[in-house]
Amino acid sequence: MRNSSRSNVDPFIVMDVMEAARRAEEAGRHIIHMEVGQPSTGAPVAAREALAKALDHDSLGYTVALGLPALRKRIAQLYGEWYNVDLNPERVVITPGSSGAFLLSFTALFDSGDRVGIGAPGYPSYRQILHALGLTPVDIETSLDHRLQPVPQDLTGLDLAGLMVASPANPTGTMLDKPAMAALIDAAQGQGAAFISDEIYHGIEYEAKAVTALEVTDECYVINSFSKYFSMTGWRVGWMVVPEDHVRVVERIAQNMFICAPHASQVAALAAMDCREELEGNLAVYARNRALMLEGLPKAGFDRIAPPDGAFYVYADVSELTHDSRAFAQEILDEAGVAVTPGLDFDPKRGATTLRFSYARATADIEEGLTRLTAFMAARRG
Ligand SMILES: Cc1ncc(COP(=O)(O)O)c(C=O)c1O
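Notes on the structure in this doc start here. (Residues numbered from 1 in each chain as written. Predicted model: local features only at pLDDT ≥ 70, side-chain atom pairs only at ≥ 80, totals over all residues. Heavy atoms only, no water.)

**Notes on a negative patch on the surface**
Taken together, the side chains of Glu90, Glu219, Glu244 and Asp245 present a region of like negative charge at the surface. Within the secondary structure, Glu219 is located in the loop between strand S6 (194-198) and strand S7 (221-225). (Patch = residues over 30% accessible without salt bridge, like charges linked within 9 Å, V, L, I, M, F, W, Y side chains within 5 Å. Areas by Shrake-Rupley, 256 points an atom, 1.4 Å probe, with all protein chains shown as cover. Salt bridge = Lys/Arg side-chain N within 4 Å of Asp/Glu carboxyl O. Lys, Arg positive; Asp, Glu negative; His and termini not counted. Charge placed at Lys NZ, Arg CZ, Asp CG, Glu CD. Helix = DSSP H or I, 4+ residues; strand = E, 2+ residues; numbered from the N terminus.)

**What to know about the nonpolar core**
Phe230 and Phe302 are the most contacted members of the largest nonpolar core, which has 86 residues in total. The contact partners of Phe302, leaving out residues within four places of it in the chain, are Leu297, Val318, Leu321, Phe328, Ile332, Leu355, Phe357, Leu373 and Met377. Among the nonpolar cores identified, the runner-up in size contains 26 residues, and Leu135, Ile196, Val242 and Ala254 belong to it. (Core = buried A, V, L, I, M, F, W, Y, C linked by side-chain atoms within 4.5 Å. Buried < 20%, exposed > 50% of the residue type's maximum accessible area, 1.4 Å probe, protein only. Contact = heavy atoms within 4.5 Å.)

**Observations regarding the site of the ligand**
In the vicinity of the ligand lie 14 residues, with Ser99, Asp198, Tyr201, Ser225 and Ser227 positioned nearest. Side-chain polar atom of Tyr201 to an oxygen atom of the ligand: 2.7 Å apart, as the coordinates give it. At 2.6 Å from an oxygen atom of the ligand is found a side-chain nitrogen or oxygen belonging to Ser227. In the complex, 91% of the free accessible area of the ligand, which totals 400 Å², lies under the protein chains. Sorting elements by how many residues they give to the shell around the ligand places helix H4 (residues 97-109) first, with 4 residues. By residue class, the composition of the shell around the ligand is 5 nonpolar, 6 polar and 3 charged. (Near = heavy atom within 4 Å. Polar contact = N/O pair within 3.5 Å; in protein donor to acceptor, adjacent residues only side chain to side chain. Nonpolar A, V, L, I, M, F, W, Y, C, P; charged D, E, K, R; others polar.)

**Brief notes about the sheet that holds S6**
Taken in spatial order, the 7 strands of this open sheet run S2-S8-S7-S6-S5-S3-S4, and their pairing is mixed. Among the strands making up the open sheet, the edge pair consists of strand S2 (92-95) and strand S4 (136-141). Across the sheet, the axes of successive neighbouring strands diverge by a mean angle of 25°, strand direction being ignored. The pairing of strand S5 (residues 162-166) with S6 spans 5 bridges and is parallel. Its bridge partner lying in S6, Val165 is registered against Ser197. This element, H4, spans S2, S5, S6, S7 and strand S8 (238-241) of the sheet and lies at about 165° to S7. (Pairing = 2+ DSSP bridges. Axes fitted to C-alpha atoms, helices over the stretch in contact; angles between N-to-C directions.)

**Regarding the packing of H4 against helix H7 (residues 247-257)**
Relative to each other, H4 and H7 sit at 125°, their axes nearing to 10 Å. In terms of their interaxial angle, H4 and H7 are classed as oblique. In the packing of H4 onto H7, the handedness of the crossing is right-handed. Every residue of H7 that contacts H4 at Leu103, Leu104, Thr107 and Ala108 is listed here: Val249, Val250, Ile253, Ala254 and Met257. (Parallel < 35°, antiparallel > 145°, perpendicular 65-115°, else oblique. Left-handed = near helix turned anticlockwise from the far one by under 90°.)

**A few points about the environment of Ile94**
Examined against the element boundaries, Ile94 turns out to sit in strand S2. C-alpha of Ile94 to C-alpha of Gln38: the two residues are 56 residues apart in sequence and 21 Å apart in space.

**What about unusual backbone geometry?**
Geometrically, the link from Ala120 to Pro121 is a cis peptide bond, its omega value of 5° lying close to zero. Along the chain, Ser167 connects to Pro168 via a cis peptide bond; the corresponding omega equals -5°. Tracing the backbone through its elements, the reader meets Pro168 in the loop between S5 and helix H6 (178-190). One non-glycine residue with positive phi stands out, namely Ser231, at about 60°. Along the polypeptide, Ser231 turns up in the loop between S7 and S8. Within the chain, Ile259 stands out as a residue other than glycine whose phi angle is a positive 65°. Of note, Ile259 is situated in the loop between H7 and helix H8 (263-272). Residue Ile259 is classed as partly exposed on the basis of its relative accessible area, which comes to 34%.

Note that every value here comes from positions in space, so none of it alone points to a role or purpose.
Structure representation (structure tokens):
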């Protein structure tokens, strides 16, 4: 049967690494997971309890397309708590994860063929979803001088209909401070491009608080999720904040594409927002893991890294060790029993010489992983 050309998207390589790690485990090996970008903790206890209660008395049918009003209101309140931003709950749209928000935002904002700028390295699915929607992803090659984030001069002559940024970013964990965010918004709006801010790693930051684009302008789309800080990856629930005059546009698309985000997940998400103590406990684990990684990776021989401001990744330049990050990651899995992600997922051009290490797991796993990586690199040096 025929296929569309836009369905020809690249695989998410980290998923292939996860599958290789699973096969190794099936064969009886013990693998340390530094490939997956998800917490090993489950949803907060009170979130699970709230859902258990709801199951007894609620049929959990469809919600309205924009999501449970109480959840939209609670999210608006979070903007007051986190950023001192006064947000109208009517602007909050509940989505099936931030992945669902990408589909909604790209569909609401762009026409076929439109050019949308994304940072390289960056989260791979931006590129693939844009392609699958018949849009044109435009890679913006970022530099270490700018901590691998785009800067206004990168946009010159790109003729963009949109610009997507992430802060903290995946795979680098670097952030845009307020002047950097404001300058990018200015440059994007200056060429008539819609600004989309992926803020999925907000809450997981170590030195300074992450800045939301809403502190700079209301004329933007902000995307966030319960997957990371709230530790609810598999629940598939996230949100988007859009300008007031875009709510109805997005609502009509959401009604038709998804009907609604999973009702059960919305119930749990609402309760998760009041689990601050447990979530801050998870954050303390990431902070400890980050410190171990920043000390242990250079000692092992992965010394070309930029300290991440947030998220739970370290992106390492391994150009002195390999020009084939995919084969190198396989070698690390086979010989050290540590699963890591080749940079090719994040940067098709330069990713052959980079690796991403995730430290989202338990501290004992991070310690063991670093021990194994150190032994592997020592053996490699001979
Ligand atoms: C930067 C970034 N955005 C979005 C996502 C997708 O998250 P969700 O589970 O909310 O769909 C991820 C997942 O790792 C990510 O790293």
